[in-house]
Amino acid sequence: MFRNEAEGRFRQVTDDVGDDLKTPAVARGSAFGDIDNDGDLDLVLTTSGGPARLFRNNGGSKNHWIGFRLRGVDSNPEAVVVGLGTATSIDQVDIEWPSGTKSTPRSTGSNVSWNVSGVG
Ligand SMILES: [Ca+2]
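Conventions used here
Residues numbered from 1 in each chain as written. Predicted model: local features only at pLDDT ≥ 70, side-chain atom pairs only at ≥ 80, totals over all residues. Pairing = 2+ DSSP bridges. Helix = DSSP H or I, 4+ residues; strand = E, 2+ residues; numbered from the N terminus. Buried ≥ 20, exposed ≤ 12 C-beta atoms within 10 Å, placed from the backbone. Axes fitted to C-alpha atoms, helices over the stretch in contact; angles between N-to-C directions.

Asks: How should I be thinking about the pairing of strand 2 (residues 9-12) in this particular structure?
Replies: Side-chain positions along a regular strand alternate between the two faces of the sheet. The sheet contact formed by strand 1 (residues 2-6) and strand 2 spans 4 bridges and is antiparallel. Directly across from Arg3, in strand 2, lies its bridge partner Arg11. Where strand 1 folds back on strand 2, the antiparallel hairpin that results is connected by 2 residues, among which Glu7 adopts a positive phi of roughly 55 degrees.

Asks: Could you clarify how one ought to interpret unusual backbone geometry in this entry?
Replies: Where the residue is not glycine, phi is negative for most of them; where a peptide bond is considered, it is trans in most cases. Phi is positive for Glu7, which is not a glycine, with a value near 55 degrees. Along the chain, Glu7 falls in the loop between strand 1 and strand 2. Of the residues examined, Glu7 has 5 C-beta atoms within 10 Å and is grouped as exposed. For Asn111, which is not glycine, the phi torsion reads 60 degrees and is therefore positive.

Asks: Sorry if this is basic, but what is going on with the sheet that holds strand 5 (residues 53-55) here?
Replies: Each strand in a sheet pairs with its neighbour through backbone hydrogen bonds, running either in the same direction (parallel) or in the opposite one (antiparallel). Pairing is antiparallel across the open sheet formed by 3 strands, whose spatial order is 3-4-5. Every other strand in the sheet has two partners, leaving strand 3 (27-33) and strand 5 as the edge strands with one partner each. Between one strand axis and the next, the sheet turns through 20 degrees on average, direction left out of account.

Below you can see the structure in the form of structure tokens.
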């Protein structure tokens, strides 16, 4: 495993991430997403002739985030995660639905997901 150090540089960090990633496997595909809704990216690998493998990212983060589970009446639900960097809260978010209506939830903190419904 390599860590992106920016500007085209990568650093080998396999020894820092746990023994599971040191096990050799023939993998054909991968997907990244926040499987456990804690704001960081987790990894799913499909292996050739074997089960899919889930790697939860338990390394923590110095940055904060806020998530929105959007439930539109006329559109498909979508989720949005916004990185906050080192900020621990936001004052206001304006969500504009495809119908043109707006939702304006107000935040009280970070590292949580909110359910927001609107006429999409
Ligand atoms: Ca996660």
